[in-house]
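Residue-level structural notes
What follows is each chain in one-letter form.
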Amino acid sequence: MRKFFIAVLVLLSGTLAAQDYNVSIYTSGNGLPITCLSTVYFDSHGYLWTGTPSGFSRFDGRYFTNYGLKDGLKENNAGFIFEDNQHRIWANTENRVYLFANNRFAEVPVKGSGLYAYIYVLTQLPDSTILFSGDGGTFAFNGNEFVPYSLYGFPASTIFRSILSLPGNRIVVNTFSAVYEKIDKQDWVSLYDISHTE
C-alpha cells in the first residue's frame, strides 16, 4: 500500500509543476506614501487602489498617484475602497464616506449624524444598495446622502462588523455577538451566537 501512495505522488508531481509568477515589490521609493496597506482593490479600468494610513493611492501600472487631505479627504487613515455597478469609486476613512470623481474625493453626507468613531464596513448589496455600518448603525445611500437603513429586518441601529454578498443571493453578516446568513427571501439563520456559548 505504501508503494502505491509513493507511485501516485511521483506521477502527480509531474502534473503539479510550480508556476512562475512575476512579482514586483513597491515601496515608498516607488511612490507609495507608506508601505503599510489597509486595503487593495482593482477597478474596471485596471487601476490598483491601495489604502494606507496616509490616504489612498492609485497605481496605473507605472506610477502611483497619492490622494490625501489636499484631494478632499478630511482625514488620512484609509478604510475600504470599491467600485459599484455604476463604476463609481466609493471609499471611507475611519469615520467618513467619500465618492471619487474628477480626481478628488468628495464626502457624502449622512443624514442627522455627526462623526462616527469608526466605520466597520462599506459595501454594495446584490440589489445595488450602497451602505455602510459604523458606530451609529447602518446607513444606505439614497442618491444624495446616507440615511438610516434596516438591512432585511435588522433595526437601523444594528452595527455590522462585516457584510458579505455571496453567489446564490446569499448574504452573511456579523454583529459584535453573532453571525447570520440569509439566502434569497428566507429568514435570517444564526450561524454563530456568542451569547449561546459557554
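Summary of the structure given here. (Residues numbered from 1 in each chain as written. Predicted model: local features only at pLDDT ≥ 70, side-chain atom pairs only at ≥ 80, totals over all residues. Heavy atoms only, no water.)

Another aspect to go through is unusual backbone geometry. Peptide bonds are, in most cases, trans, and in most cases residues other than glycine have a negative phi. Despite not being glycine, serine 128 has its phi angle at roughly 80°, a positive value. Locating serine 128 in the fold gives a position in the loop between strand 9 (119-124) and strand 10 (130-134). The exposure class of serine 128 is partly exposed, given its relative accessible area of 32%. With a phi close to 45°, tyrosine 152 is a non-glycine residue in the positive phi region. Looking at where tyrosine 152 falls in the secondary structure, it is placed in the loop between strand 12 (146-148) and strand 13 (162-166). (Helix = DSSP H or I, 4+ residues; strand = E, 2+ residues; numbered from the N terminus. Buried < 20%, exposed > 50% of the residue type's maximum accessible area, 1.4 Å probe, protein only.)

What follows is about a nonpolar patch on the surface. A cluster of nonpolar side chains, namely Val189, Leu191, Tyr192 and Ile194, defines an oily patch on the protein surface of about 370 Å² accessible area. Assignment of secondary structure puts valine 189 in strand 16 (residues 189-193). (Patch = residues over 30% accessible without salt bridge, like charges linked within 9 Å, V, L, I, M, F, W, Y side chains within 5 Å. Areas by Shrake-Rupley, 256 points an atom, 1.4 Å probe, with all protein chains shown as cover. Salt bridge = Lys/Arg side-chain N within 4 Å of Asp/Glu carboxyl O.)

Turning our eyes to something else, we now look at the side chain of glutamate 181. You can see glutamate 181 is positioned in strand 15 (residues 178-183). Side-chain polar atoms of glutamate 181 contact the side chain of arginine 170, separated by 2.6 Å. Residues in contact with glutamate 181, not counting those within four places in the same chain, are Arg170, Ile171, Val172, Asp187, Trp188, Val189 and Leu191. (Polar contact = N/O pair within 3.5 Å; in protein donor to acceptor, adjacent residues only side chain to side chain. Contact = heavy atoms within 4.5 Å.)

Let us look at the pattern of salt bridges. Under the criterion given, the structure shown has 5 salt bridges. Across the pair arginine 96 and glutamate 75 runs a salt bridge, and its minimum N-O distance is 3.3 Å. Separated by 21 residues along the polypeptide, arginine 96 in the loop between strand 6 (89-93) and strand 7 (97-101) and glutamate 75 in the loop between strand 4 (64-67) and strand 5 (78-83) bring together distant segments of the chain. For arginine 96, a relative accessible area of 16% translates into the label buried. The partner of aspartate 84 in a salt bridge is arginine 88, with the nearest N and O atoms 2.7 Å apart.

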